Amino acid sequence: MSEAPIRRILGVRVHDVTMEEALRIVEGFLAKGGARQICTVNPEFVMHARRDPAFFRVLEEADLNVPDGVGLLWAGRILRQPLRERVPGVELMEALAARAAERGWRVFLLGAAEGVADRAAAVLQARYPGLIIAGTFAGSPRPEDAPPILERLREARPDFLFVAYGAPRQDLWIARYQPELRIPVAMGVGGAFDFIAGVVPRAPRWMREIGLEWLYRLIRQPWRWRRMLALPRFVLAVLAARYGSGGTGAGAG
Ligand code: UDP
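Residues numbered from 1 in each chain as written. Predicted model: local features only at pLDDT ≥ 70, side-chain atom pairs only at ≥ 80, totals over all residues. Heavy atoms only, no water.

Student: Explain a nonpolar patch on the surface to me, using residue names and the numbers behind them.
Tutor: Together, Val-235, Leu-239 and Tyr-243 line one region of the surface with nonpolar side chains, adding up to about 270 Å² of accessible area. Here Tyr-243 is to be found in helix α13 (residues 230-243). The class of Tyr-243 is exposed, set by a relative accessible area of 56%. (Patch = residues over 30% accessible without salt bridge, like charges linked within 9 Å, V, L, I, M, F, W, Y side chains within 5 Å. Areas by Shrake-Rupley, 256 points an atom, 1.4 Å probe, with all protein chains shown as cover. Salt bridge = Lys/Arg side-chain N within 4 Å of Asp/Glu carboxyl O. Helix = DSSP H or I, 4+ residues; strand = E, 2+ residues; numbered from the N terminus. Buried < 20%, exposed > 50% of the residue type's maximum accessible area, 1.4 Å probe, protein only.)

Set out below in structure tokens:
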């Protein structure tokens, strides 16, 4: 576990960490040994965890849950569960890749469409010279596909495993196999390989700064509208928890 303060957003566990603190905590994980799991919590995670006990449990037991996105910070203010800084998953992954290049930590990229992990790895190696890529594989989150993936990972012996199967599958996958894999740090990263490989552009900085990354994603990937309904539902749930009768939003934390 990390020493960062724990907040509860609609009952779901999130650490109040800055990017710098998250990096320091991860360095500690590598120094202390063990097999850790990092999750990047956004409003979709919170809404999903409220209906899915298995996913809720993964977030309860993860070693670090970073607040990924402006929605969580807003909710934290409303629910008096203060979160100081957003730590976007893709940015944390890049920062960890930069550290890995300096320290000689081995990195494995698992997930995304065929060839994307490879391209993301090449981009990271160009950005962070010396970065050791222990392997890349598109793989699949289906249980019947796990044995050859586990075999590859055992052979590659990475220090960091980034898994891009989308939430919650990637996080459930890590929690399921980490006890046998025992990789020092494993993290679910959603669409991060797509961003890094340039398959999907990220919102321009100004849009991210005013908290409109979600709008950009909706315009670029309109087929996501259904799952993005989690956002207005999250807003309503937060407001109900704060201002409704018998609100439980701050959780029992
Ligand atoms: N993905 C995958 N296998 C699957 C389902 C999804 O590798 O069975 C990948 C997909 O190609 C994408 C990532 O998982 O790179 C999920 O991206 P998304 O933007 O949906 O992530 P999220 O919104 O969950 O962060």
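Okay, back to it.
Student: With reference to specific residues and values, describe the confidence of the model for the chain.
Tutor: Averaged over the chain, the pLDDT score is 94; the fraction of residues at 70 or greater is 96%. Of the regions scoring below 50 in pLDDT, residues 249-253 engages in 12 contacts with residues more than four places distant in sequence or in other chains. (pLDDT = per-residue confidence, 0-100. Contact = heavy atoms within 4.5 Å.)

Student: Quick rundown of the packing of helix α2 (residues 43-51) against α13? Include the residues and the values.
Tutor: Interhelical geometry of α2 versus α13 gives an angle of 75 degrees and a closest axis separation of 9 Å. One element, α2, and the other, α13, form an angle in the roughly perpendicular class. Residue-level inspection shows Pro-43, Glu-44, Val-46, Met-47 and Arg-50 of α2 in contact with α13, the latter providing Ala-230, Leu-231, Arg-233, Phe-234 and Ala-237. Within the contact of α2 with α13, the residues separate by chemical class into seven nonpolar, no polar and three charged. (Axes fitted to C-alpha atoms, helices over the stretch in contact; angles between N-to-C directions. Parallel < 35°, antiparallel > 145°, perpendicular 65-115°, else oblique. Nonpolar A, V, L, I, M, F, W, Y, C, P; charged D, E, K, R; others polar.)

Student: Describe the site of the ligand, and please don't skip the residues or the numbers.
Tutor: Around the ligand there are 15 residues in total, and Ala-112, Ala-164, Asp-194, Arg-224 and Arg-227 lie nearest to it. In the model, an oxygen atom of the ligand is placed 3.1 Å from a nitrogen or oxygen of the Ala-167 main chain. For the shell around the ligand, the residue count by class is six nonpolar, four polar and five charged. (Near = heavy atom within 4 Å. Polar contact = N/O pair within 3.5 Å; in protein donor to acceptor, adjacent residues only side chain to side chain.)

Student: Lay out the packing of aromatic side chains in plain terms, naming residues and giving numbers.
Tutor: Scanning the model with the defined rule gives five aromatic pairs in all. Ring geometry for Trp-105 versus Phe-160: centroids 5.6 Å apart, planes at 70 degrees, classification edge-to-face. Linking Trp-105 in the loop between α5 (89-103) and β5 (106-111) with Phe-160 in strand β7 (residues 160-164), this pair joins segments that are 55 residues apart in sequence. Exposure remark for Trp-105: the relative accessible area of 15% places this residue in the buried category. Ring centres 5.9 Å apart and planes at 5 degrees place the aromatic pair Phe-160 and Phe-162 in the stacked group. Here Phe-160 and Phe-162 have matching classes, each one buried. (Phe/Tyr/Trp six-rings, centres within 6.5 Å; stacked < 30°, edge-to-face > 60°.)

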